[in-house]
Structure formats: structure tokens, C-alpha cells
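# Summary of the model geometry
Single-letter residue listing:
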Amino acid sequence: MSAPAPVLVREETEQAAPPERPLSRSNLLQTVATGYVPLIIATLVVFLPLLWMLLSSFKQPGEIVTMDLKILPETLNLQNYVTAMTTVPFAQFFANSLIVTAVESSIKVVLAILTAYALVFVRFPFKNVIFVLILVALMVPAQVSILPNYILIAGMGGKNTLWGIILPGLGTAFGTFLLRQHFLTLPPSILEAAEIDGAGHWRRLWQIIVPVSVPSIATVALVTVVSEWNDYIWPLIITDRPETMTLPVGLTLLQNSEGNGAGWGILMAGAVLVIVPILLVFAALQRYIVAGLTQGSVTG
């Protein structure tokens, strides 16, 4: 019986190519093409309309409605801002928006925290069914409920009232869903010690769960505040008196106060005054959001 033929093993003579340097030409081109260029384009798409609105708020009517494009205003005229704040009851609009946004956002965030905690840490029947119903509510457009809400609120005497604006929007499917998903990522060990010590659900929620969930709660709060401050359709439908109008609805009065394009600069000035509070809220909550949606909750 003949011996098996020897197996020839061919050694690789070629060595692996050395890795490219971080500052090599190919790496720099790839970074610019796939990173900086899309980022700059996305930033310009968001920022340029806001910049145009800001610049237009200082322009005279002849600089806005013209055949010759004028990007920069000839002078930084503050007359548009003065007119926007005196032509209509701007202070009343601002106070109404502040009350509606503060009250509705606070209630919605608290309800989202309580509901999400119950769906994760409390045992009760049909918990999964309730969560599915919350998901269904998240998928249904808000415009579908406008007519039923109007009939209900108007029948209760809530037309042209602030509580009539606030009441229909107190439920928050988005906040409940986001906080529930975050609470599911928390390790159960953070509650074991408190449970052994006899802490109830209320103490566990506000002394343990909430402090380690500040970034997620801040995200829900920011989204809620922006949504309520910019809400237009429902306040427009349920109010028709300046005494109860919010800022987005009150801006329509600025547009109707002047004709022949003379009101565009005033309207732009009013829009700038509307977005400034939102920018301040975002600046205040940014450090919590940048920290991430989760935090390390167990230390060794």
C-alpha cells in the first residue's frame, strides 16, 4: 500500500499592507465626503430659513417684496418688533402660551413617568394590552380627534378658555413609550435594596428611578414643550378671541393687520419673538440630552 502524497503548504510571501495613517489623503477625503459635507448640508437646510426670517425681521416692506433679491437689510430697524408688540395684544398672547405650555407640559411629563413606571415595575392584569393600546394611540394622527374633542370641550363650556386648550392634550403616548423603553433597560438591582428596606412604589419612583432617568425625562420634556408651544390647529379651532389666543394663533392677526406685503416684516419679527423662548428651553436642557438617554445606575 503506497504512502499518501505529502500535502504541500504554500506559505504566504506577501505581507499585509500597513494601515493608512489617520491624516493620509484618502482618510481625509473620506471623512470630508461622508461626514462633514452631509453635516454641513443638513445644517444649512435647517439654519438658512431661520437666518432669512431673522434678517427679514429687520427689513422694510420694500426690501422684502421686491424683484431684486436683498439678503442683508439696509439698516437694523427695530420698528417691526415694536409694531409686532403693539399692534396686537402680544403680552396677552405670550402669557397664554406660557400658561398653556407650562401646565400642559408638566402634567404630560408627570403622567408619562407614572404610566411608564406602572407598565414596567407594577404587576397588574392586562398590562400588555394597555401598552398595545398606547401604541395604537401613538399611531393615530391627532387630526382624527379634533372634531370629537371640539364637540366635547364646547359642550362643557371650554370654548375660548385656557383649560379648553389644555384638557384634550393631556395624554402623551410618545412620552409613555419612550420612558417605558428606558425603564426596561435599568437593572433590577437598583430597586432590590430599596424593596428590602421596605420602600414603596412612590419612594422608589421619585428617589431612585427618576434621578437615574434625568436625560430621558429631559428629552420627553423638551419634545413636549416644543410641541405645546408651537401647537396651532387646536388653539385656532377652540379660540376666536384675542384674550385666549396663544402666540402661534396670534401671529395670524399680525399678517392680517397690514396689506400689500407690508406685514411680512412684522410677521417675521413676531416669529422671531416666538422661537426665542424655545431656544432658551433647549439651551437649558441640552446638557441633559447630550448626556444620553441612559445613565449608569449601578456602581461597583
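So, a few notes on the structure that sits alongside this text. (Residues numbered from 1 in each chain as written. Predicted model: local features only at pLDDT ≥ 70, side-chain atom pairs only at ≥ 80, totals over all residues. Heavy atoms only, no water.)

This brings us to unusual backbone geometry. Working note: non-glycine residues mostly have negative phi, and peptide bonds are mostly trans. At Phe126, a position not held by glycine, the phi torsion is positive, near 60 degrees. Assignment of secondary structure puts Phe126 in the loop between α4 (90–121) and α5 (127–139). Judged by relative accessible area, which is 64%, Phe126 ranks as exposed. The phi dihedral of Asn160 is positive, around 60 degrees, even though this residue is not glycine. By the element assignment, Asn160 lies in the loop between α6 (146–155) and α7 (162–166). (Helix = DSSP H or I, 4+ residues; strand = E, 2+ residues; numbered from the N terminus. Buried < 20%, exposed > 50% of the residue type's maximum accessible area, 1.4 Å probe, protein only.)

This structure, assessed with the given rule, holds two salt bridges. A salt bridge links Glu228 to Lys108, with the shortest nitrogen-to-oxygen separation between them at 2.9 Å. Separated by 120 residues along the polypeptide, Glu228 in helix α11 (residues 214–230) and Lys108 in helix α4 bring together distant segments of the chain. The class for Lys108 is buried, based on a relative accessible area of 10%. Across the pair Lys159 and Asp240 runs a salt bridge, and its minimum N-O distance is 3.9 Å. Here the residue Lys159 occupies a position in the loop between α6 and α7, and Asp240 occupies one in the loop between α12 (233–238) and α13 (247–257), the gap between them amounting to 81 residues. Relative accessible area serves as the criterion here: at 47%, Asp240 is assigned to the partly exposed category. (Salt bridge = Lys/Arg side-chain N within 4 Å of Asp/Glu carboxyl O.)

Taken as a whole, the largest pocket spans an internal volume of roughly 950 Å³. Lys108, Ala142, Pro168, Gly169 and Gly171 are, among the 34 residues lining the largest pocket, the residues nearest its centre. Elements with a minimum of two residues in the lining of the largest pocket: α4, α5, α6, α8 (173–185), α11 and α12. Residue classes in the lining of the largest pocket are distributed as 19 nonpolar, 11 polar and four charged. In this structure, the second largest pocket spans a volume of roughly 310 Å³. Along its surface, the second largest pocket is lined by Val46, Phe47, Leu50, Leu51, Met53, Leu54, Asn230, Val272, Ile275, Val276, Ile278 and Leu279. Elements that contribute at least two residues to the lining of the second largest pocket include exactly α1 (25–56) and α14 (264–290). Broken down by element, the residue count for the lining of the second largest pocket peaks at six residues, all from α1. (1 Å grid on protein atoms, 1.4 Å probe; cavity = no way out; pocket = protein on both sides within 12 Å on 5 of 7 lines; lining within 4 Å. Points joined across faces, edges and corners; volume = space filled by probe spheres on them. Nonpolar A, V, L, I, M, F, W, Y, C, P; charged D, E, K, R; others polar.)

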